[in-house]
Amino acid sequence: MIPVTTFAGRKVALFGLGGSGLATAQALVAGGAEVTAWDDNPDSVARASQAGIPTGDLHGLDWSAQAALVLSPGVPLTHPKPHWSVDLARTAGVEIIGDVELFVRERRVHAPDCPFIAITGTNGKSTTTALIAHILKASGRDTQLGGNIGTAILTLDRPKAERYFVVECSSYQIDLAPTLDPTAGILLNLTPDHLDRHGTMQHYAEIKERLVAGSRTAIVGVDDSFCALIADRIERAGVPVRRISKRSVVADGVYAEGSRIFQADGGTSADFVDLDGIDTLKGSHNAQNAAAAIAACRAVGVSADDIRAGLRSFPGLKHRMQPVGRRGRVVFVNDSKATNADAAAPALSSYKRIYWIAGGLPKEGGIASLAPLFPHIMKAYLIGEAAPGFAASLGEAVAYEISGTLEQAVAHASADAAADGQDAAVLLSPACASFDQYKNFEVRGDAFVSHVATLDGITMLVETKKGN
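Definitions and limits used
- Residues numbered from 1 in each chain as written.
- Predicted model: local features only at pLDDT ≥ 70, side-chain atom pairs only at ≥ 80, totals over all residues.
- Heavy atoms only, no water.
- Phe/Tyr/Trp six-rings, centres within 6.5 Å; stacked < 30°, edge-to-face > 60°.
- Helix = DSSP H or I, 4+ residues; strand = E, 2+ residues; numbered from the N terminus.
- Buried < 20%, exposed > 50% of the residue type's maximum accessible area, 1.4 Å probe, protein only.
- Lys NZ or Arg CZ within 6 Å of the ring centre and 35° of its normal.
- Pairing = 2+ DSSP bridges.
- Contact = heavy atoms within 4.5 Å.
- Axes fitted to C-alpha atoms, helices over the stretch in contact; angles between N-to-C directions.
- Polar contact = N/O pair within 3.5 Å; in protein donor to acceptor, adjacent residues only side chain to side chain.

Here we come to the packing of aromatic side chains. Under the defined criterion, the tally for this structure stands at four aromatic pairs. An angle of 75° between the planes, with centres 5.5 Å apart, marks the rings of F15 and W84 as edge-to-face. Here the residue F15 occupies a position in strand β1 (residues 11-15), and W84 occupies one in helix α3 (residues 84-91), the gap between them amounting to 69 residues. Aromatic pair F103 and F165: ring centres 5.0 Å apart, planes at 55°, arrangement tilted. With F103 in helix α4 (residues 99-110) and F165 in strand β7 (residues 163-168), the pair connects residues that are 62 residues apart, well separated along the chain. Classification of F103 as buried rests on a relative accessible area of 0%. A network of ring pairs unites the aromatic residues F103, F116 and F165 as a single cluster. In this arrangement the basic side chain of R308 is found over the ring face of F272, its NZ or CZ atom lying 4.5 Å from the centre.

Sheets are built from strands paired through backbone hydrogen bonds, the pairs being either parallel or antiparallel. Reading across the sheet, the seven strands line up as β19-β18-β16-β20-β15-β14-β22 and stay open at both edges, with mixed pairing between neighbours. Of all the strands in the sheet, just β19 (400-404) and β22 (459-460) have a single pairing partner and so form its edges. The pairing of strand β16 (residues 354-359) with strand β18 (residues 377-383) spans six bridges and is parallel. Among the inter-strand pairings, Y355 is bridged to a residue of β18, identified as K379. Against the sheet, helix α15 (residues 441-453) engages β14 (322-327), β15 (330-334), β16, β20 (424-428) and β22, with an angle of about 155° to β15.

So, on to the sheet that holds β1. Read from one edge to the other, the open sheet built from four strands follows the order β2-β1-β3-β4, with strand pairing classed as parallel. Strands at the two margins of the open sheet, each flanked by one partner only, are β2 (34-38) and β4 (96-97). Bridge count between β1 and strand β3 (residues 68-71): four bridges; the pairing is parallel. For A13, the partnering residue across the bridge sits in β3 and is L69. Sheet contacts for α3: β1, β2, β3 and β4; angle to β3, the most-contacted strand, approximately 160°.

With respect to the element layout, E101 can be found in helix α4. The class for E101 is buried, based on a relative accessible area of 0%. There is a polar contact of 2.5 Å between the side chain of E101 and the side chain of T179. Ignoring sequence-local partners within four residues, the contact set of E101 consists of R108, L176, A177, P178, T179 and L180.

Structure below.
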């Protein structure tokens, strides 16, 4: 835990007692703050009380005495309308912040020079975050990984010299972190997302910009117009900018040409690494992720050789284009996190001969948008409620069968891929939610791995317990 000492002896209101909110409350208490915590869910309040957190309805609080309102990122700050606790804090002139802001204040006080890499973007941020942390760990550095990727930031070890922090930041977290100041800040890309919480695309982009605007070195993907403008704007404001691209040559930064990654300085380019043969970094989207990771790791002093070694040993992000097994010329890939067509597209574009396991609880729009990638699919194995609809979309363009269950689909796809005799992928990329057959996409992905592990002659690339 990181005790929040910057509010020691001061009164702090906290709203939102889910996982990260509870961790934040505990960190504030551990640091000596006088906390009053609350949630609209009585069960969450009861759990916090049992954990020793002082609780109380914020409606009756003396707001004039509060140093801050610490808000959980899932609670609306502006749209569709501010939460009632936000209105109360604003009326009293109380600042509203979140757990990432508490972290950056602790870092500034106790270890301002400890390397801190923050990552955001609409797509790819979890993979990039995991990749950077892997490179740092593989090079022998004390590395802390957290934030939006799943580990609450204040549950990490305390900041100190030579301890590296790699933190994924959602737009919600950035909105609550007004003094965010990473050593290296990454903005990968921007497409419309979370507009129900931010109102407009312009406001969403402005929030994302804050992460790189406060960085010692800003690393910005320039393949979309919003990010390209942000890179130009913050550079004019005096922020050192390293541009990344998977489409174009950049003068200062890192860019991709196919699977080859180049580092550019002052208009001079040098070949840095070829991602060909790294199964966990296939596809142009992963070339962008790798380019960002390279730029960030160079910014915090990692050698080129250590970065290359880390890229080659990267195990992948679980459930996201994750190679889990290999048999002969066939690789088995867990992309269970692809719960809609757009999310499935990167995996379908990354392999040339695919035995595709798809289906589940269908999302609006189905798989019609994936039609340009159908030539990559040798055969589809359809499961769950979406099977009939997907079959209609595939029509005569792609051979398919209604497998029904994941176990049956793995058995049939593996047999057909083995008979192919060429390099091929058995790919679970469902383009659907999991809830018709599984609790969540993680359980579905784990089931896929377990079924793959039972195949004769399989070499597993991840740890698993057969028969699970």
